[in-house]
Amino acid sequence: MLGGGHRRRSKFKNQNSKNLNEILEFEEIISLNNLLLAWQEFVKGKRGRRDVQEFSFNLMDNIISLHQDLSNHTYKHGGYQAFNINDPKPRSIHKAGVRDRLLHRAIYRVLYPFFDKTFISDSFSCRINKGTHKALNRFRTLFRKVSQNDTRTCWVMKCDIKKFFENIDHAILIGILERHIPDQNVAWLAKEIISSFCKYPNKGLPLGNLTSQLFVNSYMNEFDRYAKHILKAKYYIRYADDFLVMSRDKDWLHEALVKIGGFLSEELKLQIHPNKIFIRTISSGVDFLGWVHFPDHRVLRTATKRRMIGGLKVNNNRESRDSYLGLLKHGNTYKIKEKYVNQWDKNSG
């Protein structure tokens, strides 16, 4: 459907690639200094965990051993411990060993600053100085522009990717990274991390890896740039596998949906979730990032409110209360605060 996919990719090739050899040197990633700094970041909040304590008992020996294995290209990623969480829907988490997670942190420290510069400004997931709240504010700003301060009808097309992490294609991801990374040693290390986990043959990234956050943003950056520069979606936001496009032209959004589906399928081997596509006006309420958005306000999604109430019943302490108050300040939630959260003070007073 969308011919010339390779030409599109080449258009974005080596984006911001100036002086990459200075930024992405293998020696910088595996240096003892970087590994030690990565350990200091990694260990925060984890010192009481048994596996972390065991690794730290012979810390320098373990770090030197890791450094030597990386230098000699004899490093092999270990296995994963699997467990399930509800956040908010059931998710399968795969947790690597301490040694591997330390390396993930060391890789992330060096690669993130470079790759982040290649990402579009309207990608908000797992990025410094971005996040959910910035995405919510950007949603409101774009709506006001499209609707000319709610004087014109604004249509919103919202979609998400079906089984996103599970369907990241290893070959495509490695190809994307290699176009940006000139150091073959760094590329070798990235391949070792990526190939350490498969949900399906040569597909899938583990939710528990810090590097997975960076890799999926690099993967979806191909789509971001297609949406912005080829499709010309001026009013576009992406948070992880959720994305939306705003326009005053409903027919254009329908046409864009077909093209988007084709690009994702042909270029990234991903599918839009068929049950999570909608095109509607903001006046009818747009569900995005836990909130339902209207022209002049936003309200907490019913499922989000239920999780909050359930969380307060389980962890009825000040820390939980302050956390939920931080969430609730981003929308019209006076009644919820009075009925549930502020009730904590009255019951504990």
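Here the structure is shown first, and the text comes after it.
This one's a predicted model, so the numbers in the text were calculated from it and none came from an experiment.

Participant: I'd love a proper account of the overall build of the protein, names of residues and values included.
Facilitator: Looking only at helices and strands, one finds 16 helices and 9 strands in the protein. Among the 349 residues that make up the protein, the fraction classed as buried is 47%. Once local pairs closer than 6 in sequence are excluded, the contacts in the protein between residues at least 24 apart make up 71%. Summed over its atoms, the accessible surface of the protein is roughly 17600 Å², and 47% of this surface lies on carbon and sulfur atoms.

Participant: So, helix α11 (residues 210-230): which residues are in play, and what are the values?
Facilitator: Helix length check: α11, at 21 residues, gives a terminal C-alpha distance of 30 Å against a target of 30 Å (1.5 Å per residue), a fit within 8%. Among the 21 residues of α11, 17 are classified as buried, and the element is accordingly described as predominantly covered. Looking one or two residues past α11, Lys232 carries a phi angle of roughly 65°, positive in sign.

Participant: Run through the pairing of strand β1 (residues 80-86), naming residues and quoting values.
Facilitator: Within β1, only 0 of the 7 residues are buried, which leaves the element largely exposed. Relative to strand β2 (residues 90-96), β1 runs antiparallel, the two being bridged by 7 bridges. Residue pairing across strands places Ala82 opposite His94, the latter belonging to β2.

Participant: Can you break down the packing of helix α7 (residues 98-118) against α11 residue by residue, with the values?
Facilitator: A pair of packed helices is captured by two measures, namely the crossing angle of their axes and the spacing between those axes. Running from N to C, α7 and α11 cross one another at 20°; their axes reach a closest spacing of 9 Å. Judged by the inter-axis angle, α7 sits roughly parallel to α11. The hand of the α7/α11 crossing is left-handed. Where α7 abuts α11, its residues His104, Arg105, Ile107, Tyr108, Leu111, Tyr112, Phe115 and Thr118 lie against Leu210, Thr211, Gln213, Leu214, Ser218, Asn221 and Arg225. Its residues assigned to classes, the contact of α7 with α11 shows 7 nonpolar, 6 polar and 2 charged.

Reading the values: the criteria
Residues numbered from 1 in each chain as written. Predicted model: local features only at pLDDT ≥ 70, side-chain atom pairs only at ≥ 80, totals over all residues. Heavy atoms only, no water. Helix = DSSP H or I, 4+ residues; strand = E, 2+ residues; numbered from the N terminus. Buried < 20%, exposed > 50% of the residue type's maximum accessible area, 1.4 Å probe, protein only. Contact = heavy atoms within 4.5 Å. Areas by Shrake-Rupley, 256 points an atom, 1.4 Å probe, with all protein chains shown as cover. Expected span 1.5 Å × (residues − 1). Pairing = 2+ DSSP bridges. Axes fitted to C-alpha atoms, helices over the stretch in contact; angles between N-to-C directions. Parallel < 35°, antiparallel > 145°, perpendicular 65-115°, else oblique. Left-handed = near helix turned anticlockwise from the far one by under 90°. Nonpolar A, V, L, I, M, F, W, Y, C, P; charged D, E, K, R; others polar.

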